[in-house]
Amino acid sequence: MTQNQSTGTALITGASSGIGAVYAERLARRGHDLVLVARNTGKLESLAGTLAKSTGRRVEVLSADLSNTGEVKRVAEFLQSRRDISLLVNNAGVGAGSPLLEADIDAMESMIALNTTAVTRLAYAAARAFVARGSGTIINIASIVAVAPELLNGVYGASKAYVLALSQSMRHELESKNVKVQVVLPGAIATDFWRASGVPIEVLPSEMVMSSADLVDAALAGLDLGEFVTVPSLPEAADWDRLENARQALRPNLSRNVPAPRYQVAGSGTSTGVSH
Ligand code: NAP
């Protein structure tokens, strides 16, 4: 379905392939104009041409290497300056297949720059702009490894745990300001991600692998349902709620003026606050 009136412009990072390219197509069909961000200008322009033709939407291309601080700043400034942008899909990211001990540290640092630093700077830019404009939506693409870091490379898992934690804190701060935050935790999705990570997707059991189309449709259904966390594979949303409730239940005891009884050594004076 195409609409003449734009439902607002969506800026999508990592839009040249995989999950980002599907978001671009689905959001254009929902009436959004688009700004597509990634490094591969040729791929972005080809997708922009196809989508503009098939949906009648305005589709712009912004080439940037988001592992480069200067280029991330340029995209962040663009995002803040363009009042028509009402949706950010913080999607660009890379993975790694090798275990921590075998992974190249320079590649890990570059992954941290893209998966966390760029995500943070763009989320900040969007949050400030959307609060000033009175509304907006930020979709952060994390991964199920945010809660299962043992499954793949540990730095990748840690980078996605960062995206989850950042989203939790952003939601807490922004929900009263009419800015919606959604964090999406995909499982294994059939995209170039796996080849680029050095792990052929064929090594995974096919019942674990979802298509990028199904993933994005489920994530957008979650957004429409008003979900904050969307785990497209998880059959029972109540399972996530249990994890979240357990996390919240820790809160009253996470910061206290004395160590827990099991850490109090007899005669140390810790329990009385007296030091010897
Ligand atoms: P993909 O097909 O490899 O797409 C990655 C996208 O990120 C591409 O558009 C790529 O475009 C862009 N990108 C990579 N490096 C970049 C850089 N330095 N600067 C700007 N853009 C860059 O992989 P995908 O599966 O769609 O991944 C999208 C997101 O989903 C990532 O955050 C990933 O961690 C997450 N995810 C994926 C899976 C999975 O199994 N596939 C599971 C959970 C989460 P250019 O090469 O043109 O720059």
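The structure under discussion appears in the preceding block.
These notes cover the structure that comes with them. (Residues numbered from 1 in each chain as written. Predicted model: local features only at pLDDT ≥ 70, side-chain atom pairs only at ≥ 80, totals over all residues. Heavy atoms only, no water.)

With that settled, consider helix 4 (residues 105–133). A rise of 1.5 Å per residue sets the reference length of helix 4, with its 29 residues, at 42 Å; its end C-alpha atoms lie 41 Å apart and thus fit the reference within 8%. At Ala113, helix 4 shows its largest bend, some 30°. At the exit of helix 4 stands Gly134, carrying a positive phi of roughly 90°. (Helix = DSSP H or I, 4+ residues; strand = E, 2+ residues; numbered from the N terminus. Expected span 1.5 Å × (residues − 1). Bend = angle between axes of the 7 residues up to and from the residue.)

On to the site of the ligand. As a matter of local geometry, the ligand sits amid 31 residues, with Arg39, Leu66, Asn91, Tyr156 and Thr191 nearest to it. In this structure, Ser16 approaches the ligand through a side-chain N or O atom, which is 2.8 Å from an oxygen atom. Between a nitrogen atom of the ligand and a main-chain N or O atom of Leu66, the distance comes to 2.8 Å. Here the ligand, which alone exposes 880 Å², has 93% of that area covered by the protein. Of all the elements in the fold, those that place two or more residues in the shell around the ligand are helix 1 (18–29), helix 5 (154–174), strand 7 (188–189) and helix 6 (193–197). (Near = heavy atom within 4 Å. Polar contact = N/O pair within 3.5 Å; in protein donor to acceptor, adjacent residues only side chain to side chain. Areas by Shrake-Rupley, 256 points an atom, 1.4 Å probe, with all protein chains shown as cover.)

With that out of the way, let us pick up the pairing of strand 4 (residues 85–90). Summarising burial for strand 4: five of the six residues are buried, a large majority. Pairing geometry for strand 1 (residues 9–13) and strand 4, over four bridges, is parallel. Its bridge partner lying in strand 4, Leu11 is registered against Leu88. As paired strands, strand 4 and strand 5 (residues 136–141) are joined by four bridges and run parallel to one another. From the neighbouring strand, Asn90 faces strand 5, where its bridge partner is Asn140. Once the chain exits strand 4 it traverses helix 4 before rejoining the sheet at strand 5, and the crossover so formed is right-handed. (Buried < 20%, exposed > 50% of the residue type's maximum accessible area, 1.4 Å probe, protein only. Pairing = 2+ DSSP bridges. Right-handed = clockwise from strand over helix to strand, strands pointing away.)

None of this, on its own, says anything about what the molecule does.
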